[in-house]
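A look at the structure
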Amino acid sequence: DTAVSQTPKYLVTQMGNDKSIKCEQNLGHDTMYWYKQDSKKFLKIMFSYNNKELIINETVPNRFSPKSPDKAHLNLHINSLELGDSAVYFCASSQAQQGADRSPLHFGNGTRLTVT
Amino acid sequence: GENVEQHPSTLSVQEGDSAVIKCTYSDSASNYFPWYKQELGKGPQLIIDIRSNVGEKKDQRIAVTLNKTAKHFSLHITETQPEDSAVYFCAVRPPRRSYIPTFGRGTSLIVHP
């Protein structure tokens, strides 16, 4: 059973298009995240949700809009894609954010986005 | 924001040698220090973690040591094997940033047979 699953695994699209990445976790975790991994492997936090509520939104362009219909899902919608958006996007989850600051992340296997 | 520095960025060893990767952090209130391994085409996976009430933790060939005073922690891999080749990340969960996990820049470990 896959704990954190993301779809699609690969996404190739042209500049200006709008695309979505879906993420689901079956671990019963309260907190979910989106990370962006660039070509140098740096993992940068984009968003964090706790029980469907946005906790953190780093300096991400407002073309990126996360949506959490329930605590098991956190989707990422990207409008007007740009070349610089090409990267691998990882969804992750963990136990409740505060009071459980010692819980590890569980990652999906990533979505490789290529914008041409 | 939290600063997590990880060294080295690349590490090449012969099979059977030991490998050590070090991370330093800035938020002294951090109390949880995990290490993740990322294999090609996959997401990072937790391999070992340590909490601030202990100085060392071992799991077979892998160990993590923590020096809270100096604000650094290290990953030690003994008797390295080719399947240890991967990118390794340290992370902290700083209270000052809502406990959002912040990662080091990663170490690419290559184990030569």
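Our structure's up above, just so we're on the same page.
This write-up is about the structure you can find in this document. (Residues numbered from 1 in each chain as written. Chains lettered and ligands numbered in written order. Predicted model: local features only at pLDDT ≥ 70, side-chain atom pairs only at ≥ 80, totals over all residues. Heavy atoms only, no water.)

1. Examining the packing of aromatic side chains
Summed over all chains, the structure comprises 13 aromatic pairs over all chains. Relative to B:Phe103, the ring of A:Phe107 has its centre 5.9 Å away and its plane inclined at 65 degrees; by these criteria the two rings are edge-to-face. Here A:Phe107 is found in strand β10 (residues 106–107), whereas its partner B:Phe103 is found in strand β10 (residues 102–103) on a different chain. For the pair shown, A:Phe107 and B:Phe103 are each scored as buried. Where B:Phe33 meets B:Phe73, the ring centres are 4.9 Å apart and the plane angle is 50 degrees; that geometry is what we call tilted. With a gap of 40 residues between them, B:Phe33 in strand β4 (residues 32–38) and B:Phe73 in strand β8 (residues 72–77) connect regions that are remote in the sequence. Using a relative accessible area of 0% as the deciding quantity, one classes B:Phe33 as buried. For B:Phe73, a relative accessible area of 0% gives the class buried. Site record: aromatic cluster; members linked through ring pairs are A:Tyr33, A:Tyr35, A:Phe90, A:Phe107, B:Tyr36, B:Phe89 and B:Phe103. Of note, B:Arg105 hangs over the ring of A:Phe42, and the distance from its end group to the ring centre comes to 4.1 Å. (Phe/Tyr/Trp six-rings, centres within 6.5 Å; stacked < 30°, edge-to-face > 60°. Helix = DSSP H or I, 4+ residues; strand = E, 2+ residues; numbered from the N terminus. Buried < 20%, exposed > 50% of the residue type's maximum accessible area, 1.4 Å probe, protein only. Lys NZ or Arg CZ within 6 Å of the ring centre and 35° of its normal.)

2. Some words on the sheet that holds strand β8 (residues 73–78) of chain A
Residues and elements named next belong to chain A. Across the sheet, which stays open at both edges, the four strands sit in the order β1-β3-β8-β7 with antiparallel pairing between neighbours. Among the strands making up the open sheet, the edge pair consists of β1 (4–7) and β7 (64–70). Ignoring strand direction, the axes of neighbouring strands in this sheet form an average angle of 15 degrees. With five bridges connecting them, β7 and β8 associate as antiparallel partners. Looking across to β8, one finds that phenylalanine 64 is bridged to isoleucine 78. (Pairing = 2+ DSSP bridges. Axes fitted to C-alpha atoms, helices over the stretch in contact; angles between N-to-C directions.)

3. Structural notes on the side chain of B:Gln6
Residue and element names in this part refer to chain B. Mapped onto the elements, glutamine 6 comes out in strand β1 (residues 4–7). Since its relative accessible area comes to 7%, glutamine 6 is described here as buried. Within polar-contact distance, the side chain of glutamine 6 engages the backbone nitrogen of glycine 106 at 3.1 Å. Polar side-chain contacts of glutamine 6 include one of 3.0 Å to the side chain of threonine 107. (Polar contact = N/O pair within 3.5 Å; in protein donor to acceptor, adjacent residues only side chain to side chain.)

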